[in-house]
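# Structural features, examined
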Amino acid sequence: MLIRAALAATAIAFTLPAAAQPKTTLNVGIAAQDIGQLDPHFAVSTIDRVLAAWMFNGLVRFPPGSIDPARLEPDLAESWEASPDGKTWTFHLRHGVQFHGGFGELTADDVVFSLKKAGDAKTSAFSSELRPFQTIEAIDPYTVRVVLKENVPSVLGILTNYAQGFIVSKKAVERRGDDFKRNPIGTGPFAFASVTPNQSLELMANQAYFRGAPKINKISYRFMPSDASRDLAFQSGELDLNYGRADQAWVNRTKALPHTIVDVFEPAEEGQLHLNTTVKPLDDIRVRQAIAYAINRPELVRWRGADVSREAQSVVPRGYLGFTTDNGLVGNDVEKAKALLKQAGYADGLTIKMIQSQLPEMLTAAQVFQAQLKRAGISLDLQVVEHATYHQQIRQDLSPVVYYSAARFPVADIYLTQFFHSRSIVKTPTAVTNFSHCDVADKEIDGARVETDKAKQLTLWAEAQKKIVAQVCAVPLFETLLVFARHDNLDYGYKLDGSLSLGPLITEATHFK
Amino acid sequence: MIFYIIRRLLAAIPTLLAVLTLVFLIVRVVPGDPAIAILGDRATPDGIAALHAKLGLDKPIWQQYVDFIGQSLSGDFGRSMVTGRPILTDVGAVLPHTIDLTLASLIVGTVIGVPVGIWAALHRNRFIDYTARLLSLIGLSFPVFVSGIFILLLFALHWRLFPVIGNARLDDPVDRLDKLVLPAATLGLVMAAYITRVTRSAMLSVLGEDYIRTARAKGVPWRRVVWRHALRNAAMPVVTVVGLYIGILIGNSVLTEIVFNRPGLGKIIVGALNQRDYTMLQGLMVIYCFLIVVVNLITDLTYGLIDPRVKQ
């Protein structure tokens, strides 16, 4: 009876909203339970990062759809100049930029406040990125001066519309205090409107946006952890834009749907096997070399899918400034791997422990390279734990082999420093994610960072990659691209090749056709 | 009666305290650090230390425990470590959805399960009985994330009768009902399968009792024997099972919530666990435990309605 009554009720309810109106509401489905942090300086998970880029601006920005650091263009800063030694940078702000919610015009004070906030470990997850900054000061309401302690590969790179570079309203942070992370104020094309726990977050167009009022009026950002039902909601038309899976079968299936476009874009996450060079048996370089020979990259790409992945070619992902293929990386050769193991005294093979996350996409990858290593006589003893446990235990140096997949700002320095500089070794006071205890390229990494001669800098980065590959601190596996699906009536307003926020930018130009 | 209820609620306090303590300990024994979950994979040691201080995780365990118990007893469950939203606000936002789903699937389950169970018992080892048993076995063996997707494929995609996204607006009764039908049917059918089996076996054991034979022997009509004598006595185990099942349902409907994109208590618990959101988990467990106590109390009161002996 109840069902019948409900059926009757819904039949009526369903015919009402179907009336054709020019569409201005964008429905986005994202694979997460709920939003985490709305303060852009704490936006670390994909769900938070995608959103932050819709609400905030940086001093400079990547042109929408691009992640090429050579193409950075003005955002909140109209122009800038650097002193001849490259250590003093002066930014001239755009006039008349308004914050959301009547928080007034953006001034140099907001920029200084934001960068100082982003540089403080108490108020930001990205504080280490701003370490090279000595002073940040307002010269007048529209001029900001930054002085560096030392040269960095890309000052503009630190100040883009990405992570630490987002500019927040000083007045809003001071007035709202801890509430700012639930009710953020930026200058971007879309302003935070409301959040319903476990369901969705709503953004409204910022009519006063300095590049013009957005064509989309409202964005409904829906938290939908189930892949299957998110896909169904996309098919039924309840979602216009859907977080995709880097899985060939999924891409093929989704591409075949009517009026559907699958976007595959940068940055790719590179998966690597980090080998702890200080513990037995991995302290023997022959064992590490054997692992490098046992890995079969073409096979891994065949498994993951040609549209969504590609072979890793170095310990730095492809396309990053400083990336080189001339680094001596070896290909698959099982016989050589066996011979090296024999020389090292493991003629009968050996077993190595590895703590592994139970996240399906990570675990299945691990099972594939586990099978590859097995062919060479290396047994990988996978100890599968829950994802948060994995993150904690690998940082406690408990796993001699660590499978880690990551994308960073596309300049070699950051990847090399965080994964291969001795300063970043796990369980030290300055730890980041150096799981291999690698320290062979410190000199080159540090040298390249402050080198002002661009050609020399590239040589140093190439040298660092060679040394790390020769020492087999890590074995590069494959790179996985980002995937989103949209209906073909949604036009981003730009060509999507890449997005550092890990999701398509929704700009003032994005619209429904 | 009122004294009985008050006494029962007071007796629940030690249970709640024990649960509080257990939850407090368990979330801290489980490996995984909320600070790493919040700060992400680039977390630096000084960032983690700063966040620990902010969240109060740098205090000694006993201090954290005393603070937690003190706050809980004063009704302050604190804020989520991750989102910073007050826990009661989050729970308040999803609880109506959980209650809707639980009650609706309970109704579906009972309306289908009890009559089918009785019917099967009355036709023991005949075609009807076999069919009922087979169907209930199928109902129990299909996990919700399979049956739910099938139901969505048919009703939401093929016939387009209902939406896939089930996040209803609470202030709109039609919308609320519209988005409740599919999940309630999915979960209700599982429950119906369960109730069918319990009702059938309870009826069978009662039908074999001496007083049924006596009633029949003295010429009471069969229909009256079934309704007055058998069913009333068979209702006790059924009520017990339903009561227990509601308790399980409140937290375990997480799969249904995920498949149908509904908000709910189960989904929040899983989310908080993944994020190692200690405060959220603690708060949720207290509320969950309280709900169980209330459901058990209602079950006990129902016994009194069915069986006059319990009242004495």
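Residues numbered from 1 in each chain as written. Chains lettered and ligands numbered in written order. Predicted model: local features only at pLDDT ≥ 70, side-chain atom pairs only at ≥ 80, totals over all residues. Heavy atoms only, no water.

### A closer look at the overall build of chain A
A tally of helices and strands in chain A yields 15 helices and 19 strands. Against the 2.2 N^0.38 benchmark of 24 Å for 513 residues, chain A shows a C-alpha radius of gyration of 24 Å, consistent with a compact globule. If one aligns the C-alpha atoms of chain A with their principal axes, the spans along those axes are about 75 × 70 × 35 Å. If you take every contact in chain A between residues at least 6 apart in sequence, the share linking residues at least 24 apart comes to 68%. With an accessible surface of roughly 19200 Å², chain A has 52% of that area assigned to carbon and sulfur atoms. Positive and negative side-chain charges in chain A, numbering 54 and 56 respectively, have mean positions lying 2 Å apart. (Helix = DSSP H or I, 4+ residues; strand = E, 2+ residues; numbered from the N terminus. Rg over C-alpha atoms; globule rule 2.2 N^0.38 Å. Contact = heavy atoms within 4.5 Å. Areas by Shrake-Rupley, 256 points an atom, 1.4 Å probe, with all protein chains shown as cover. Lys, Arg positive; Asp, Glu negative; His and termini not counted. Charge placed at Lys NZ, Arg CZ, Asp CG, Glu CD.)

### A short note on the domain arrangement of chain A
All names here are of chain A. Domain boundaries assigned for chain A yield domain 1 (20–35 + 181–265 + 483–512), domain 2 (54–177) and domain 3 (267–480). Between the C-alpha centres of domain 1 and domain 2 the distance comes to 26 Å. Overall, the association of domain 1 and domain 2 removes approximately 2400 Å² of surface from exposure, summing both partners, and the carbon and sulfur fraction of that is 63%. Taken together, the links from domain 1 to domain 2 amount to one salt bridge. There are 17 residue pairs in polar contact (both at pLDDT 80 or more) connecting domain 1 and domain 2. Of all elements in the fold, only β8 (190–196) and β10 (218–223) reach the threshold of two or more residues within the side of domain 1 that touches domain 2. Broken down by element, the side of domain 1 that touches domain 2 gets its largest block of residues, three residues, from β8. (Domains from an automatic or database assignment. Buried area = accessible area lost by both parts, 1.4 Å probe. Salt bridge = Lys/Arg side-chain N within 4 Å of Asp/Glu carboxyl O. Polar contact = N/O pair within 3.5 Å; in protein donor to acceptor, adjacent residues only side chain to side chain.)

### Overview of the sheet that holds strand β5 (residues 88–93) of chain A
The pairing of strands in a sheet happens through backbone hydrogen bonds and is either parallel or antiparallel. All names here are of chain A. On the basis of which strands lie adjacent, the open sheet formed by four strands has the order β4-β5-β7-β6 and antiparallel pairing. The sheet is open, and its two edges are formed by β4 (77–82) and β6 (133–140), each paired on a single side. Neighbour to neighbour, the strand axes of the sheet diverge by 20 degrees on average, direction disregarded. With respect to the sheet, helix α3 (residues 108–118) is in contact with β5, β6 and β7 (143–148), its orientation differing from that of β6 by roughly 165 degrees. (Pairing = 2+ DSSP bridges. Axes fitted to C-alpha atoms, helices over the stretch in contact; angles between N-to-C directions.)

### Description of the interface of chain B and chain A
Many structure descriptions define interface size as the accessible area lost when the parts assemble. Counting residues at the interface gives 54 residues for chain B, matched by 59 residues for chain A. Contact between chain B and chain A buries roughly 4900 Å² in total, counting both sides, with carbon and sulfur atoms accounting for 60%. Put simply, chain B and chain A have three salt bridges between them. A salt bridge links B:Arg85 to A:Asp34, with the nearest nitrogen and oxygen atoms 2.8 Å apart.

### Details of the state of the cysteines
Residues and elements named next belong to chain A. Using the criterion set out here, one finds one disulfide over all chains in the structure. Here Cys438 engages in a disulfide with Cys473; their sulfurs sit 2.1 Å apart. Residues Cys438 and Cys473 share a disulfide whose torsion about the S-S bond is about 65 degrees; that sign makes it right-handed. Of the two residues, Cys438 sits in the loop between α13 (412–420) and α14 (442–450) while Cys473 sits in the loop between α15 (454–471) and β17 (474–487), which places them 35 residues apart along the sequence. (Disulfide = S-S within 2.5 Å.)

### As for the nonpolar core
In terms of nonpolar packing, the biggest core is built from 147 residues, with A:Trp54, A:Tyr221, A:Leu273 and A:Leu416 touching the most fellow members. Listed in part, the 43 residues of the second largest apolar core include B:Leu106, B:Ile250, B:Leu284 and B:Tyr288. (Core = buried A, V, L, I, M, F, W, Y, C linked by side-chain atoms within 4.5 Å. Buried < 20%, exposed > 50% of the residue type's maximum accessible area, 1.4 Å probe, protein only.)

### Points about the domain arrangement of chain B
Splitting chain B by domain gives domain 1 (2–51 + 59–73) and domain 2 (93–274). Computed from C-alpha coordinates alone, the two centres of domain 1 of chain B and domain 2 of chain B are separated by 34 Å.

### Comments concerning the packing of helix α5 (residues 87–122) of chain B against helix α9 (residues 181–207) of chain B
Helices that pack against each other are described as a pair by the angle of their axes relative to one another and the distance between those axes. Residues and elements named next belong to chain B. One can describe the packing of α5 onto α9 by two numbers: an axis separation of 6 Å at closest approach and a directional angle of 35 degrees. Pair α5 / α9 crosses with right-handed handedness. Its residues assigned to classes, the contact of α5 with α9 comprises 21 nonpolar, eight polar and one charged. (Left-handed = near helix turned anticlockwise from the far one by under 90°. Nonpolar A, V, L, I, M, F, W, Y, C, P; charged D, E, K, R; others polar.)

### Details of the packing of aromatic side chains
Residue and element names in this part refer to chain A. Under the counting rule described, the total for this entry stands at 22 aromatic pairs over all chains. Here the aromatic rings of Tyr162 and Phe409 are separated by 5.6 Å at their centres, their planes lie at 45 degrees, and the arrangement is tilted. With a gap of 247 residues between them, Tyr162 in the loop between α4 (155–158) and α5 (170–176) and Phe409 in the loop between β16 (401–406) and α13 connect regions that are remote in the sequence. Overall, the relative accessible area of 5% leaves Phe409 in the buried class. A centroid spacing of 6.2 Å and a plane angle of 75 degrees characterise the contact between Trp303 and Phe478, whose relative ring orientation is edge-to-face. You can see Trp303 sitting in helix α9 (residues 297–304) and its partner Phe478 sitting in strand β17, a full 175 residues away along the chain. Overall, Trp303 belongs to the partly exposed group, its relative accessible area being 32%. Three or more aromatic residues joined by ring pairs form one cluster here, namely Tyr320, Tyr404, Tyr415, Phe419, Phe420 and Phe435. Cation over ring: Lys23 sits above Phe512, and NZ or CZ is 4.9 Å from the ring centre. (Phe/Tyr/Trp six-rings, centres within 6.5 Å; stacked < 30°, edge-to-face > 60°. Lys NZ or Arg CZ within 6 Å of the ring centre and 35° of its normal.)

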